[in-house]
Amino acid sequence: MVSLDVDDTIAAIASAPGPGLRGIVRVSGPQTVELVEALFESYDSHSFPNRLRPTSTHGQLAVDKGLKVDIDLYLWPTQRSYTRQPTAEFHLVGSRPVLEMVLNRLCGCGARLARPGEFTLRAFLSGRIDLTQAEAVLAVIDSSGEQQLDTALRQMAGGLAGPLGAIRDDLMGTLAELEAGLDFVEEDIEFITRSQLLEQLERAGQKLEKIQQQISLRDRGAEAPRVVLWGEPNSGKSSLFNALLGTQESIVTEVAGTTTDFLVGELVLKSMKLDLVDTAGAEERSEYVSSQAQQHRVEQQEQADALLFCIDSQRQPTLWEKDQLSKLNNACVVVLTKTDLHDLESTRLAELSQQIRSFGFDGPMVSTSSHSRDGLDLLADEISLAVINSQSADQSIVGTTVLRASESLRDATAAVGHAKDAVILQLGDELVASELRRSLEALGQVVGTIYTDDILDLVFGRFCIGK
Ligand SMILES: Nc1nc2c(ncn2[C@@H]2O[C@H](COP(=O)(O)OP(=O)(O)OP(=O)(O)O)[C@@H](O)[C@H]2O)c(=O)[nH]1
Ligand SMILES: [Mg+2]
């Protein structure tokens, strides 16, 4: 359960658990400056502490039994801090026991141990950040790759809050005009004409739908991008799966139609985590591959963020391959497999590449051998690129925000639609106004202008202590 109390002073170790060169103990709340003054001795005493401006200084803190710890102190003595309360950070040697001694000392002198996410909760309660930004803070902490980090940072910088805030302002303006009209019903004064009203509702509805679309693109939560192996039976998909993952998990035989289900493995490339999926060979003739395997394969293709289209470099491209190459719409890398089977002088690979281009494929193409591992590094680079390209620029919203906000956004959009209907059907301005209020309430829940304990629990319950 989150605590809405902001009158006491909280403290926690803010650096990640585990060994690190430097560690951080963070304190925030009204008694911060007093605590610092009582416990910390600055080497630069005449200018410290400055109660008006943020300062940093070097000094020491007595922890226990005469033991003193060397500390770089950062002090934000006023409301101009992350939490909008006086805040201090003690940066010191990253040893856990020493960090705990400093924390104990602070708690012994009046600070309380912070609950998970409580610093960010205070930033939210003080209006410093909105809920979507709080979720972005969490996503920054949790992010497992550059792409995720980038998304989280963009959301922290404003993301959803900006555009939603603008829509809320517009709707509030419309509501104010409507309500003014309702106050003067007897006098028959109209503050907003029917066509103006319809136009404003129409505009708000369109903007909301656009945001919803943007969000649904991202409606995959925190799932890793999917890279799907694709191609004819026997083209070397399972061998490539094993070679890229360094396993023998997928069964490889010279018999076409060996893989009948699909198999998922975690592939870590650069700083990205991906799901690599091995599928049954594509084969319309059912003598090799069961129809259920085919169905799995097609489902996997539809969910793919990128396809690795394996083409056996030993043989001529088939009609199916030619057909696929002209119409694939996922991000796709063509992989020419089994290159170790060609002698050095062979011009086969160059001819095959040319042929593939002539079928209309102009994407990346890599020659590989799963046996000699030639070309696998190059392939890894192309996979990362394909995945990044497929994650469109619209994905600027972190997964947890998407999950939480989707329903509220749907409600907000529906209410604007009902308001419009009520105008068209002349059901009366009271009804229009009440739909607008419902829409505003739903929007308020997304950014947190209207929040309940449940919402706060949902958002802040997942934080770790010290953030
Ligand atoms: N020399 C050589 N042989 C390979 C290479 N990759 C795959 N093969 C052989 O090609 C045959 C088929 O390989 P698989 O990896 O099972 O092919 P697949 O595409 O998974 O086949 P299905 O599951 O039946 O669709 C096996 O005999 C492999 O040993 C390679 O890089 N070099
Ligand atoms: Mg296979």
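Everything here concerns the structure above.
Let me sum up the structure you'll find in this document. (Residues numbered from 1 in each chain as written. Chains lettered and ligands numbered in written order. Predicted model: local features only at pLDDT ≥ 70, side-chain atom pairs only at ≥ 80, totals over all residues.)

### Observations regarding the overall build of the protein chain
Helix and strand counts for the protein chain come out as 15 helices and 13 strands. Relative to its 467 residues, the protein chain shows a buried fraction of 41%. When contacts within the protein chain are restricted to residue pairs at least 6 apart in sequence, long-range pairs at least 24 apart make up 68% of them. (Helix = DSSP H or I, 4+ residues; strand = E, 2+ residues; numbered from the N terminus. Buried ≥ 20, exposed ≤ 12 C-beta atoms within 10 Å, placed from the backbone. Contact = placed C-beta atoms within 7 Å.)

### Notes on the pairing of strand 12 (residues 331-337)
Where burial is concerned, most of strand 12 is hidden: seven out of the seven residues are buried. Burial along strand 12 is two-sided: the residues Ala331, Val333, Val335 and Thr337 and Cys332, Val334 and Leu336 are all buried. Note: strand 11 (residues 306-312) against strand 12, seven bridges, orientation parallel. Pairing of Cys310 across the sheet is with Val335, part of strand 12. Where strand 12 meets strand 13 (residues 365-367), three bridges bridge the pair, whose relative direction is parallel. When the bridges of strand 13 are listed, Leu336 appears paired with Ser367. One crossover worth recording links strand 12 to the parallel strand 13 by way of helix 11 (residues 348-358), and it is right-handed. (Pairing = 2+ DSSP bridges. Right-handed = clockwise from strand over helix to strand, strands pointing away.)

### Focus on the environment of Glu321
Tracing the backbone shows Glu321 in helix 10 (residues 319-327). Residue Glu321 is classed as buried on the basis of its 23 C-beta neighbours within 10 Å. On a C-alpha basis, the gap between Glu321 and Gly231 in space is 7.6 Å, while along the polypeptide they are 90 residues apart. Excluding residues within four positions of it along the chain, Glu321 makes contact with Glu232 and Ile311.

### A look at unusual backbone geometry
Its identity as a non-glycine residue notwithstanding, Asn234 has a phi of 70°, on the positive side. Structurally, Asn234 can be placed in the loop between strand 8 (226-231) and helix 8 (237-245). For Gln426, which is not glycine, the phi dihedral falls at a positive 55°. Mapped onto the fold, Gln426 is located in the loop between helix 13 (399-424) and helix 14 (429-447).

### Thoughts on the sheet that holds strand 11
Two orientations exist for strands paired in a sheet by backbone hydrogen bonds: parallel and antiparallel. Ordered in space as 9-10-8-11-12-13, the six strands form an open sheet in which the pairing is mixed. Each edge of the sheet is formed by a strand with only one pairing partner; in this case those strands are strand 9 (263-269) and strand 13. Across the sheet, the axes of successive neighbouring strands diverge by a mean angle of 25°, strand direction being ignored. Taken together, the five bridges between strand 8 and strand 11 define a ladder with parallel strand orientation. Each residue of the ladder has a partner; that of Val227, found in strand 11, is Ala306. Lying on the sheet, helix 8 is in contact with strand 8, strand 9, strand 10 (272-278), strand 11 and strand 12; it crosses strand 10 at an angle near 155°. (Axes fitted to C-alpha atoms, helices over the stretch in contact; angles between N-to-C directions.)

### Here's the deal with the sheet that holds strand 4 (residues 55-64)
The strand order across the open sheet formed by seven strands is 3-4-5-6-2-1-7, and the pairing between neighbours is mixed. If you trace the sheet from one side to the other, it starts and ends with strand 3 (40-42) and strand 7 (112-113), each paired once. Note that strand 3 and strand 4 share three bridges and pair antiparallel. Pairing of Glu41 across the sheet is with Gln60, part of strand 4.

### A look at helix 4 (residues 131-142)
Relative to the 16 Å expected for 12 residues at 1.5 Å per residue, helix 4 spans 17 Å between its end C-alpha atoms, a close match to the ideal helical length. With respect to burial, helix 4 is a largely interior element, nine of its 12 residues being buried. (Expected span 1.5 Å × (residues − 1).)

### Notes on the environment of Glu407
Summarising the element assignment, Glu407 is placed in helix 13. Under the C-beta neighbour-count criterion, Glu407 is labelled exposed, with 12 such atoms within 10 Å. With 39 residues separating them in the primary sequence, Glu407 and Val446 have C-alpha atoms 9.1 Å apart.

### Regarding the nonpolar core
Counting 71 residues, the largest nonpolar core has Ala11, Val25, Phe90, Val102, Leu106, Leu164 and Ala419 as the members making the most contacts within it. Viewed by domain, this core spans two of them, domain 1 (10-130) and domain 2 (156-218 + 396-448), each represented by three or more residues. Setting aside residues no more than four positions away along its own chain, Ala419 makes contact with Leu201, Val432, Glu435 and Leu436. By size, the runner-up hydrophobic cluster in this structure holds 35 residues, among which are Leu276, Ala331, Ile356 and Leu379. (Core = buried A, V, L, I, M, F, W, Y, C linked by C-beta atoms within 7 Å. Domains from an automatic or database assignment.)

### Brief notes about the pairing of strand 10
Summarising the sheet, strand 8 and strand 10 pair through three bridges and their orientation is parallel. Bridged to Val227 within strand 10 is Leu276.

### Some details on helix 6 (residues 161-183)
Taking 1.5 Å of rise per residue, 23 residues should cover 33 Å, and helix 6 covers 32 Å from first to last C-alpha, within 8% of that figure. Turning to helix 6, its buried residues number three or more, namely Ala161, Leu164, Ile167, Arg168, Leu171, Thr174 and Leu178.

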